[in-house]
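So you can see what is in the structure, the chains are spelled out below.
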Amino acid sequence: MGKYIVKRIAYMVVVLLILSFIMYMIYSLVPANRAYTDAFNEVKALSKVLEPDEVQAKFDELYLKYQRKYGTDTENKVVRYLRWMGVAPLYDGTYNGLLQGNFGYSFEYQKDVVEVIPTPMINT
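Owing to the predicted nature of the structure, the values given are computational and were not obtained by experimental measurement.

Reading the values: the criteria
Residues numbered from 1 in each chain as written. Predicted model: local features only at pLDDT ≥ 70, side-chain atom pairs only at ≥ 80, totals over all residues. Heavy atoms only, no water. Phe/Tyr/Trp six-rings, centres within 6.5 Å; stacked < 30°, edge-to-face > 60°. Helix = DSSP H or I, 4+ residues; strand = E, 2+ residues; numbered from the N terminus. Buried < 20%, exposed > 50% of the residue type's maximum accessible area, 1.4 Å probe, protein only. Lys NZ or Arg CZ within 6 Å of the ring centre and 35° of its normal. Axes fitted to C-alpha atoms, helices over the stretch in contact; angles between N-to-C directions. Parallel < 35°, antiparallel > 145°, perpendicular 65-115°, else oblique. Left-handed = near helix turned anticlockwise from the far one by under 90°. Contact = heavy atoms within 4.5 Å. Nonpolar A, V, L, I, M, F, W, Y, C, P; charged D, E, K, R; others polar.

**Q** Looking at this structure, how should I read the packing of aromatic side chains?
**A** Each pair of aromatic rings is reported with the distance of its centres and the angle of its planes. Going through the model one piece at a time under the given rule, you end up with nine aromatic pairs. Taking the centre distance of 6.2 Å and the plane angle of 35 degrees together, the rings of Tyr-81 and Trp-84 count as tilted. A residue pair is termed a helical-turn pair when its members lie 3 or 4 positions apart in one helix, as Tyr-81 and Trp-84 do in helix H4 (residues 77-85) at three residues. Since its relative accessible area comes to 23%, Trp-84 is described here as partly exposed. Each residue in the set Phe-21, Tyr-24, Tyr-81 and Trp-84 is aromatic and connected to the rest through ring pairs, giving one cluster. Above the face of the Tyr-66 ring, Lys-65 is positioned so that its terminal group lies 5.0 Å from the ring centre. The ring of Tyr-91 has Arg-68 sitting right over it, with the charged end atom 3.5 Å from the ring centre.

Have a look at this one:
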């Protein structure tokens, strides 16, 4: 009986890993670039106080900052997936992914997904 339970748990872990990879790949296929959008909006707001030659440098700085924040500062899909899962460290050396309970940020509701989920869960 114990062997059967261990075998079923192992299958569950494998299925969850496969599903998480599929979810990540679907998410990564979305053509939006959140780091670019955030950097562009911030530079647009600052463009009134910046000199015209400083705008591009500020954009590049902010774009890199947001890429590092979102973990997209590398083109290596495996590293990005491992960061998304919380197995590989982000640029600053911290681990912040699904395994740490970070389900992301809802740009629609402007709060963490963990704060958004409980409201619809009441109905279920």
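**Q** Just checking my understanding: could you explain unusual backbone geometry for this structure?
**A** Note: most residues except glycine have negative phi, and most peptide bonds are trans. Of note, the phi angle at Gln-110 is positive, near 60 degrees, even though the residue is not glycine. For Gln-110, the position within the fold is in the loop between strand S1 (105-106) and strand S2 (111-112). The class for Gln-110 is exposed, based on a relative accessible area of 51%.

**Q** Help me understand the packing of helix H1 (residues 2-28) against H4 in this model?
**A** Between two packed helices, what matters for the description is the angle formed by their axes and the separation of those axes. Two elements in contact, H1 and H4, have axes separated by 11 Å at closest approach and are oriented at 115 degrees. If you check the angle between H1 and H4, you find them roughly perpendicular. Viewed along their axes, H1 and H4 form a crossing whose handedness is right-handed. Residues Leu-17, Ser-20, Phe-21, Met-23, Tyr-24 and Ser-28 of H1 pack against Lys-77, Arg-80, Tyr-81, Trp-84 and Met-85 of H4. Of the residues that constitute the contact of H1 with H4, the class distribution is seven nonpolar, two polar and two charged.

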